[in-house]
Amino acid sequence: MGFAEKSDLYNQSRARLFKEYKEVQREKVADPDIQLVCDETNIFKWTALIKGPSETPYEGGVFQLAFAVPENYPLQPPQVRFLTKIFHPNVHFKTGEICLDILKNAWSPAWTLQSVCRAIIALMAHPEADSPLNCDSGRNLLRSGDVRGFNSMARMYTRLAAMPKKG
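- Per an unreviewed UniProt entry, the protein chain is named E2 ubiquitin-conjugating enzyme, and its organism is Brassica campestris.
- As its UniProt record puts it under Sequence similarities (unreviewed entry), the protein chain is described as follows: "Belongs to the ubiquitin-conjugating enzyme family."

So, in structure tokens, the structure goes:
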């Protein structure tokens, strides 16, 4: 790919991200579970605050995500990771890396950063223990049927890392 093509792709990516930025500004009230913010100096860096889904061990927690958007977005997916510690089978406990098909092989340019946040919230509510990045929570607790143990650990980490400190 020559310089002109790369430059063209870069400009298309920027245009797409600016469009998403405008949509996020319009939808702030419509989607109170997601607060998506673009870095003021780099349109390819975003952060999000997502609320833990209700009726899960993450309820009441607010989790921060970091987005690194590639220059050929939306042809390639963003890299997304949790900055807030979370006990979840599909999230690497140390790095925050997320195992989610749409961030890998099932990506489509139809996805937006907002819809990726929605998919992550859905994953929080419905863990996939068969493809664990966090073996302690995935393989050892959920796959052995210890849902109570998993929920207890997930709630504890939510309280420690994702809830505002009182006092």
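Here the narrative resumes.
## Description of the packing of aromatic side chains
Next, step 1: Per the counting criterion, the structure on display carries eight aromatic pairs.
Next, step 2: For the pair F87 and F150, a centre-to-centre distance of 5.9 Å together with 35 degrees between the ring planes defines the contact as tilted. Placement of F87 in the loop between β4 (79–82) and α2 (113–125) and of F150 in helix α4 (residues 147–161) is noted, with a sequence separation of 63 residues between them. When sorted by exposure, F87 lands in the same class as F150, which is buried.
Next, step 3: A connected cluster of aromatic rings, assembled from ring pairs, spans F87, F93, F150 and Y157.
Next, step 4: Sitting over the ring of F93, K85 keeps its end group 5.2 Å from the ring centre.

## Things to note about the sheet that holds strand β1 (residues 34–38)
Next, step 1: If you walk across this open sheet you meet the four strands as β1-β2-β3-β4, and the pairing is antiparallel. Each edge of the open sheet carries a strand with a single partner, namely β1 and β4. The average angle at which neighbouring strand axes cross in this sheet is 20 degrees, direction not considered.
Next, step 2: Direction of pairing for β1 relative to strand β2 (residues 45–51): antiparallel, over a ladder of five bridges. Paired with Q35 across the strands is L49, a residue of β2.

## Overview of the UniProt feature "active site" (unreviewed entry) in the protein chain
Next, step 1: When the UniProt feature table is mapped onto this chain, "active site" (unreviewed entry) is found at C99.
Next, step 2: For C99, the position within the fold is in the loop between β4 and α2.
Next, step 3: Those residues in contact with C99, other than ones at most four positions away along the chain, are N90, L123, S131 and L133.

Thresholds applied
- Residues numbered from 1 in each chain as written.
- Predicted model: local features only at pLDDT ≥ 70, side-chain atom pairs only at ≥ 80, totals over all residues.
- Heavy atoms only, no water.
- UniProt positions renumbered as here; feature names shortened; annotations may be inferred.
- Phe/Tyr/Trp six-rings, centres within 6.5 Å; stacked < 30°, edge-to-face > 60°.
- Helix = DSSP H or I, 4+ residues; strand = E, 2+ residues; numbered from the N terminus.
- Buried < 20%, exposed > 50% of the residue type's maximum accessible area, 1.4 Å probe, protein only.
- Lys NZ or Arg CZ within 6 Å of the ring centre and 35° of its normal.
- Pairing = 2+ DSSP bridges.
- Axes fitted to C-alpha atoms, helices over the stretch in contact; angles between N-to-C directions.
- Contact = heavy atoms within 4.5 Å.

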